[in-house]
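# Observations on chain architecture
Chain by chain, the residues:
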Amino acid sequence: MSRLIHTLATLTALGLTAGCSSAPGGDEATVAASSKARATVSSDFWVDPAGSAAEQIRIWQQQGRHQDAELLGRIAKEPVAMWPAGEIDPGPLVRAATASAGHEGRTALFVAYDIPHRDCGQHSAGGAADADAYRAWIGKFAQALGDGKALVVLEPDAIAHIADGCTPAEYHQEREQLLGEAITRLKQQPGTKVYLDAGNPSWIKEPQKLVEPLKRAGVERADGFSLNVSNFQTDARTTAYGLELSRALGGKHFVVDTSRNGNGPMEGVWCNPPGRALGTRPTTDTGTAGLDAYLWIKRPGESDGTCEGGPNAGQWWPEYALELARNSKA
């Protein structure tokens, strides 16, 4: 499955570059000021004021596409996860977002996605060059979180690709060790919650197959696990699956990605399926014990890859975003 990797363009939108100082300063203040100017949202999570949807709204308003711009507000006003790029120092982006969220008393939402041998060479292939490179990257990520409130979804697909055999067996032990080390390092930050990704119910249909890999990767030290990242499974199906996996893990909590599941999945198409819709808005008020939050982890409107007419994985695709918003029932 494809995943967004934030690029230097995102850093530029936040007024940052990879070479910025790691000390708090003008960049964080600029982001905070921009964020404060927006209307308050009914969520515990921070909304990126420089997100792709917000930028597209400005462009379409200038072009006179006012109705389309209004529809896209359904995305721009909601908190979505930041995916710091693996190719560069994640510190400036993570530090600025966490600082801005702190000014608003909210939680910054992130995805750490740089595990070696990522995505089995598919649309989002890549990741850190080796184990030491990953340790260095996750260390910079964690350090930049500081004492702020943050929720980190850790390495989408990494465990599921062990369970389905897509990741070669010779990499399994190292991957589980790196995930465990990442959990330990991230949890050293007092305000950080960590959810280790566990795929989705259409992928590993028997949740019991995930239990041992999750345990070997240290899920017991995490706050829980995440489900449905960048996928389209319904709330009902994913919640039932999550509760079953939770029981097998001794009651571990979980979060669910609802960014694009409003119309459920399309049979046989996981990459940019047409006719999809935004799902349940991000909230911690789930009504289900053990389900900590519905989140928009995949950034709606970011392509899954070069399929169904889409651009490269992670690139902004405004017309797809518009379709998601237009079809939304929320």
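What counts, and where the lines are drawn
Residues numbered from 1 in each chain as written. Predicted model: local features only at pLDDT ≥ 70, side-chain atom pairs only at ≥ 80, totals over all residues. Heavy atoms only, no water. UniProt positions renumbered as here; feature names shortened; annotations may be inferred. Pairing = 2+ DSSP bridges. Helix = DSSP H or I, 4+ residues; strand = E, 2+ residues; numbered from the N terminus. Axes fitted to C-alpha atoms, helices over the stretch in contact; angles between N-to-C directions. Contact = heavy atoms within 4.5 Å. Core = buried A, V, L, I, M, F, W, Y, C linked by side-chain atoms within 4.5 Å. Buried < 20%, exposed > 50% of the residue type's maximum accessible area, 1.4 Å probe, protein only. Disulfide = S-S within 2.5 Å. Salt bridge = Lys/Arg side-chain N within 4 Å of Asp/Glu carboxyl O.

Naming follows an unreviewed UniProt entry, where the protein chain appears as Glucanase of Streptomyces griseoviridis. Comment text from UniProt for the protein chain, heading Sequence similarities (unreviewed entry), reads "Belongs to the glycosyl hydrolase family 6."

Across the sheet, which stays open at both edges, the six strands sit in the order β1-β2-β3-β4-β5-β6 with parallel pairing between neighbours. Each edge of the open sheet is held by one strand with a lone partner, namely β1 (108–112) and β6 (291–295). Each strand axis lies, on average, 25° off the axis of its neighbour in the sheet, ignoring direction. The sheet contact formed by β1 and strand β2 (residues 150–154) spans five bridges and is parallel. Residue pairing for β2: V111 is matched across the bridge by V153. Sheet strands touched by helix α6 (residues 131–145): β1, β2 and β3 (192–197). Its angle to β1, the strand with the most contacts, is close to 175°.

This brings us to the nonpolar core. If you look at the biggest cluster of nonpolar residues, it comprises 51 residues, and the most contacted ones within it are F110, Y134, F141, L154, L186, L196 and L214. With eight residues, α6 is the largest single contributor of residues to this core. Apart from the residues lying within four places of it in its own chain, the contact partners of L214 are I159, L196, D197, A198, V219, L245 and L249.

This part is about unusual backbone geometry. The residue N228 is not glycine, and still its phi comes out positive at about 70°. When you line up the elements, N228 lands in the loop between β4 (224–227) and α10 (235–248). Unusually for a residue other than glycine, N272 sits at a positive phi of about 55°. Among the secondary structure elements, N272 is positioned in the loop between β5 (253–257) and β6.

Glancing now at the environment of A150. Within the secondary structure, A150 is located in strand β2. Each C-alpha atom, one on A150 and one on F45, is 8.8 Å from the other, the two residues being 105 residues apart in sequence. Excluding residues that lie within four positions of it along the chain, A150 makes contacts with T107, A108, F110, L145, G191, T192 and K193.

In total, this model carries one disulfide according to the counting rule given. Here C271 engages in a disulfide with C307; their sulfurs sit 1.6 Å apart. Torsion about the S-S bond of the C271 and C307 cystine: about -50°, corresponding to left-handed handedness. With C271 in the loop between β5 and β6 and C307 in the loop between β6 and α11 (318–326), the pair connects residues that are 36 residues apart, well separated along the chain. Its relative accessible area of 7% is what places C271 among the buried residues. Classification of C307 as buried rests on a relative accessible area of 16%.

Bringing the pairing of β2 into the picture now. Within β2, five of the five residues are buried, which leaves it mostly tucked inside the rest of the structure. Residues A150, V152 and L154 point to one face of β2 and L151 and V153 to the other, with burial holding for every one of them. Note: β2 against β3, five bridges, orientation parallel. For V152, the partnering residue across the bridge sits in β3 and is V194.

In this section: the pattern of salt bridges. Going through the model one piece at a time under the given rule, you end up with 15 salt bridges. Note that R299 and D48 form a salt bridge whose closest N and O atoms lie 3.7 Å from each other. With R299 in the loop between β6 and α11 and D48 in the loop between α2 (26–36) and α3 (52–62), this residue pair connects regions lying 251 residues apart in the sequence. Considered together, R299 and D48 belong to a single accessibility category, that of buried residues.

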